[in-house]
Amino acid sequence: MALNIKVDFMKRTLLLFWALVCFTLLNAQDRAYVRKIVRDLSSPAMHGRGYVKSGDTKAAIYLEKEMKKAGLLSFNNDFVQRYTFSINTFPGQLTLRAGGKKLRPGHDFVVAPTVTSLDQTFRLMWIPDTVSTIESAIKVMDTAGISQCLAVAPSRMQSVYRSGFPGARGVIQLTQGNVWWHVSGAREPDNRVSVMIRESALPVGTSAISLKAENKYLVDHEARNLIGYVRGSAEPDTFLVFIAHYDHLGRMGSRTLFPGASDNASGTATVLDLARHYASNTTEAYYSMAFILVSGEEAGLLGSFYNADNPLFPLENIKFLINMDMVGTGSEGLSIVNGNQFPEAVKLFKKINSEKGYFADIRSGGESCNSDHCPYYRKGVPSVFLFTRGDENREYHNIYDTHERLPFTSYEQLFGIITDFSKALQPDHSTNR
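This section reports on the structure supplied with the text.

Conventions and cut-offs
- Residues numbered from 1 in each chain as written.
- Predicted model: local features only at pLDDT ≥ 70, side-chain atom pairs only at ≥ 80, totals over all residues.
- Heavy atoms only, no water.
- Axes fitted to C-alpha atoms, helices over the stretch in contact; angles between N-to-C directions.
- Helix = DSSP H or I, 4+ residues; strand = E, 2+ residues; numbered from the N terminus.
- Parallel < 35°, antiparallel > 145°, perpendicular 65-115°, else oblique.
- Left-handed = near helix turned anticlockwise from the far one by under 90°.
- Contact = heavy atoms within 4.5 Å.
- Nonpolar A, V, L, I, M, F, W, Y, C, P; charged D, E, K, R; others polar.
- Pairing = 2+ DSSP bridges.
- Phe/Tyr/Trp six-rings, centres within 6.5 Å; stacked < 30°, edge-to-face > 60°.
- Buried < 20%, exposed > 50% of the residue type's maximum accessible area, 1.4 Å probe, protein only.
- Expected span 1.5 Å × (residues − 1).
- Polar contact = N/O pair within 3.5 Å; in protein donor to acceptor, adjacent residues only side chain to side chain.

## Describing the packing of helix 2 (residues 31-41) against helix 3 (residues 55-70)
Thought 1: Two elements in contact, helix 2 and helix 3, have axes separated by 11 Å at closest approach and are oriented at 160°. Taken together, the axes of helix 2 and helix 3 are roughly antiparallel relative to one another. Relative to helix 3, helix 2 is oriented so that their crossing is right-handed. In contact with Y33, K36, I37, D40 and L41 of helix 2, helix 3 contributes A59, Y62, L63 and E66.
Thought 2: Classifying every residue of the contact of helix 2 with helix 3 gives six nonpolar, no polar and three charged.

Here you go:
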């Protein structure tokens with residue numbers, strides 16, 4: 001009899017243990033889920049979540065399904081907020097030949113987003129690598145007859161890529177590291193030619209290059225923001241907002257893909273994971289928890305500006321907004337952009353970190369309009385931008401920002417400090433548990 005009681009007690013204990021394990025797995029952060037989302041978003045099927053082959057639209061459809069699966073509520077019976085903007089794209093051929101060699105887009109070179117269709121051979125005018133400014137270059141160079149030339153700028157003259165060189169048809173900016181791309185100027189294409197080339201791919205003294213590019217200017221590209229929420233259990237008319245941009249650079253030419261795993265599939269996946277957590281644990285949602293995934297960030301914060309100008313709930317009802325962008329590392333710590341504008345919030349983050357030991361270091365930065373917190377902050381919403389720091393991944397705006405390179409070193413710590421911070425914002429709540 002005693003043996004049967006002991007066996008029964010052990011069975012009950014084991015069942016209780018596994019129930020607790022399952023509850024924890026279902027209701028805490030989910031690293032496997034986050035990795036899957038990042039892998040899917042940065043796959044070739046999403047086309048870099050840009051504008052060639054409707055990559056951003058494909059991503060939006062995928063993410064809307066994830067919001068529905070998480071059990072979020074929608075405003076006005078729709079998770080999608082549509083808006084339009086113009087954008088320059090490169091869906092077709094993109095080739096560059098130099099010294100008899102064909103360079104690879106994304107690997108060896110990129111073209112500025114303002115470039116329009118062309119098929120031309122350009123003479124090169126090399127700026128001496130002993131100078132560091134345009135003014136000093138003009139003083140030592142013979143600039144006669146350069147109107148159809150491309151000025152080749154040494155890597156130290158980074159500003160030339162955007163500003164151009166006076167009198168020249170365009171510029172080639174050399175870089176010692178990986179070439180990187182951006183689309184922030186793609187809304188206003190012009191006739192100027194700007195190319196970035198990896199220094200080792202263009203032999204010194206090369207006299208000419210041949211460049212062919214096919215652009216397509218989209219006048220009214222339809223983009224989508226995605227918004228869902230969990231209704232607050234105590235103060236449903238007050239909101240905590242978690243936001244990230246899901247768009248990236250897309251494709252440059254028919255073959256080159258910019259995956260954007262760190263920037264910003266990582267933040268997108270984290271917002272979705274938080275959404276699943278609060279939807280499964282509604283009692284933890286003291287306030288209503290809103291989850292916003294915006295598009296158009298790389299083109300100039302277009303989605304967040306649109307949403308801030310056309311909110312689905314009153315901005316004055318937002319208690320705090322947390323923007324997440326590039327959160328897949330963490331070995332060196334956590335940074336809080338715009339934190340100096342909200343010292344009490346930073347103090348709370350640091351208090352939680354001191355108690356829980358989440359990050360080795362938390363740094364607070366000043367006001368900066370460099371991500372999607374900015375449009376809301378400008379309208380008076382308490383807003384910060386979180387990103388993680390670490391040498392384990394430094395790929396940014398290049399073709400190497402892949403999911404395989406993103407370790408999510410401190411993901412549980414990030415999730416923990418965000419949920420603890422959100423709980424600490426409740427009235428009379430102590431961070432000590």
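## A short note on the sheet that holds strand 14 (residues 287-294)
Thought 1: Here eight strands make up an open sheet; going across it, the order is 1-10-14-11-15-18-16-17 and the pairing mixed. A single partner strand is all that each edge strand has here, and the edge strands are strand 1 (80-89) and strand 17 (362-364). Neighbour-to-neighbour, the strand axes of this sheet turn through a mean angle of 25°, independent of strand direction.
Thought 2: Where helix 3 meets the sheet, it contacts strand 1, strand 10 (216-230) and strand 14, and its direction lies at approximately 10° from that of strand 10.
Thought 3: Where helix 6 (residues 261-280) meets the sheet, its contacts fall on strand 10, strand 11 (235-245), strand 14 and strand 15 (318-324), and the angle it forms with strand 11 comes to roughly 155°.

## Digging into the packing of helix 2 against helix 6
Thought 1: The contact between helix 2 and helix 6 brings their axes to 9 Å, and the two run at 140°. Considering the angle they form, helix 2 stands oblique to helix 6. When the axes of helix 2 and helix 6 are compared, the crossing they make is right-handed. In this structure, helix 2 contributes Y33, V34, I37, V38 and L41 to the contact, and helix 6 contributes A261, A265, S266, T268, A269, L272, D273 and R276.
Thought 2: Its residues placed into classes, the contact of helix 2 with helix 6 shows nine nonpolar, two polar and two charged.

## Focus: the packing of aromatic side chains
Thought 1: Summed over the entire model, instances satisfying the criterion amount to 21 aromatic pairs.
Thought 2: Relative to Y306, the ring of Y83 lies with its centre 5.0 Å away and its plane at 15°, an arrangement referred to as stacked. On the criterion of sequence distance, the pair formed by Y83 in strand 1 and Y306 in helix 7 (residues 302-309) is long-range, its members being 223 residues apart.
Thought 3: Y306 gets classed as partly exposed once you look at its relative accessible area, which sits at 29%.

## Observations concerning helix 6
Thought 1: Taking 1.5 Å per residue, 20 residues should reach 28 Å; helix 6 reaches 26 Å between its end C-alpha atoms and fits that length.
Thought 2: The buried count for helix 6 comes to 17 of 20 residues, which makes it a mostly enclosed element.

## A closer look at the sheet that holds strand 9 (residues 208-213)
Thought 1: One open sheet holds the eight strands; their spatial order is 3-2-9-5-6-7-8-4, and the pairing between them is mixed. In this open sheet, the two strands that pair with only one neighbour each are strand 3 (101-103) and strand 4 (109-111). Averaged over all neighbouring strand pairs, the angle between strand axes comes to 25°, with direction disregarded.
Thought 2: Bridge count between strand 2 (residues 94-98) and strand 3: three bridges; the pairing is antiparallel. By the bridge assignment for strand 3, L96 is matched with L103.

## As for the side chain of H245
Thought 1: Mapped onto the elements of the fold, H245 is located in strand 11.
Thought 2: A polar atom in the side chain of H245 sits 3.1 Å from the side chain of D263.
Thought 3: Engagement of the side chain of H245 in a polar contact is seen with the side chain of D325, the distance being 3.3 Å.
Thought 4: When near neighbours in sequence (up to four residues on either side) are disregarded, H245 contacts D263, N264, T268, V294, E297, E298, D325 and D372.

Structural measurements only, silent on function.
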